[in-house]
Amino acid sequence: MPEAVIVEAVRTPIGKRNGALAGVHAVDLSALVLTALVERTGVDPATVDDVIWGCVSQVGDQSSNIGRYAVLAAGWPETVPGITVNRACGSSQAALEQAAHGVIAGQYDLVVAGGVETMSRVPLGVTRTTGQPYGPRVLARYDNFEFNQGTGAELISRKWGLSRHTLDAYASASHARAAAAIDSGAFDDQLVPVPLDNGETFHTDEGLRRGTSPETLAKLKPSFAEDGVIHAGNSSQISDGAAALLVTTPEKARELGLTPLVRYRAGAVSGADPIMMLTGPIPATEKLLERTGVSLDEIGAYEVNEAFAPVPLAWATELGADPARLNPLGGAIAVGHPLGASGAILMTRLVHHMRAHGLRYGLQTMCEGGGTANATLLELAA
């Protein structure tokens, strides 16, 4: 059976809401990372079998199969197809999974996976303004519960006994880790600078708030309940960004003169309680570890998307994970969560972190709206 390897992974810096990337169309932002893949690898884009692109809010700027229009905006041949996938926050991680599965099945030789979200231009929740997405049967099944991720985060905090101070301390640490990563140049090799209309170039994740502490976060009001523990400071930031990864076989990589960075070892998806909603990474990770026979202790870094601070904390508590390996570069609380791009952004960060530190295994998992989750295991290429 063929193996799937990632030979390049790039991303834009993450822009904060109404920040540096607010004037950039999602198609053009996508085209930038596609162009970077070609420039860095020397691959002829005409040989790419497919572009699988994650995007969540597929309306307005992001409608009409943005994966296809990203290909055209990049100037690639019209013969290169594109598809857009939506698994909520895990959309571009699902795109990577589909790309790897296609390579392993022998249907692709060379495929791009990635995603985009420009939440400044296509606001969160805009797709729900013209209808009710759940339908009467789903609402009847769950007693007309108003599905809400913030409410789910509150429920997780309560179930796992996570206090406001614990959550705020974690959020502060996320900023500190992200600052250290930026200052050390950990992201430099993966970033694609974005030229802006004002003549400047955007080159650094924008959401970081240096000096964030539990004391500064304690001043913020709860967002979802008067006596709640979830607020803007311990939740992911609304953001803009894009990322792309080039996936192929070891044999094709050798033919093209490319060096595999990591090998796709396995993936798993799982569903969970849609009311608590954000606990899916726990069973998805358990399924992945059982499928591969790799123990959590063998894995050098865990990227658990920081949709809300209780998500990675409950995951780590339930699985007994080493806190030092959890989101070592900071996460979405510090630098943002551009929905459809986040899976590919985290994967890009993880790939480069594994290479930089010689980590044999890396794990990534994402909670998703509706109570589902992806989990992916990567292995360092020899």
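Residues numbered from 1 in each chain as written. Predicted model: local features only at pLDDT ≥ 70, side-chain atom pairs only at ≥ 80, totals over all residues. Heavy atoms only, no water.

A. Local environment of the overall build of the protein chain. What the protein chain contains, in helices and strands, is 12 helices and 12 strands. Here the C-alpha coordinates of the protein chain stretch approximately 60 × 50 × 45 Å along the principal axes. Counting across all 382 residues of the protein chain, residues that qualify as buried make up 58%. Here the analysis covers contacts within the protein chain between residues at least 6 apart in sequence; of these, 81% occur between residues at least 24 apart. Side chains of the protein chain carry 28 positive and 40 negative charges; the gap between the two charge centres is 4 Å. (Helix = DSSP H or I, 4+ residues; strand = E, 2+ residues; numbered from the N terminus. Buried < 20%, exposed > 50% of the residue type's maximum accessible area, 1.4 Å probe, protein only. Contact = heavy atoms within 4.5 Å. Lys, Arg positive; Asp, Glu negative; His and termini not counted. Charge placed at Lys NZ, Arg CZ, Asp CG, Glu CD.)

B. Spotlight on the packing of aromatic side chains. Tallied over the entire structure, the rule returns five aromatic pairs. Aromatic side chains Tyr-142 and Phe-147 sit 5.7 Å apart centroid to centroid with 75° between the ring planes, which places their arrangement in the edge-to-face category. Phe-147 gets classed as buried once you look at its relative accessible area, which sits at 11%. Plain terms: the ring middles of Phe-145 and Phe-147 are 5.7 Å apart, the flat faces sit at 75° to each other, and that makes the pair edge-to-face. For Phe-145, a relative accessible area of 23% translates into the label partly exposed. Each member of the aromatic cluster is reached from another via a ring pair, and the members are Tyr-134, Tyr-142, Phe-145 and Phe-147. In this structure, Arg-11 is placed above the aromatic ring of Phe-187, and the distance from its NZ or CZ to the ring centre is 4.8 Å. (Phe/Tyr/Trp six-rings, centres within 6.5 Å; stacked < 30°, edge-to-face > 60°. Lys NZ or Arg CZ within 6 Å of the ring centre and 35° of its normal.)

C. How the structure looks around helix α2 (residues 66–73). The set of residues buried in α2 consists of Ile-66, Gly-67, Ala-70 and Val-71. The buried residues of α2 occupy an angular sector of 150° when the element is viewed end-on, so they sit on one face. Structurally, α2 contributes buried residues whose contacts are with α1 (26–41), β3 (50–54), β4 (82–85) and β5 (110–118). Backbone geometry just downstream of α2 places Gly-75 in the positive-phi region, at approximately 80°. (Arc of directions from axis to C-beta.)

The analysis is restricted to geometry; functional conclusions fall outside its scope.
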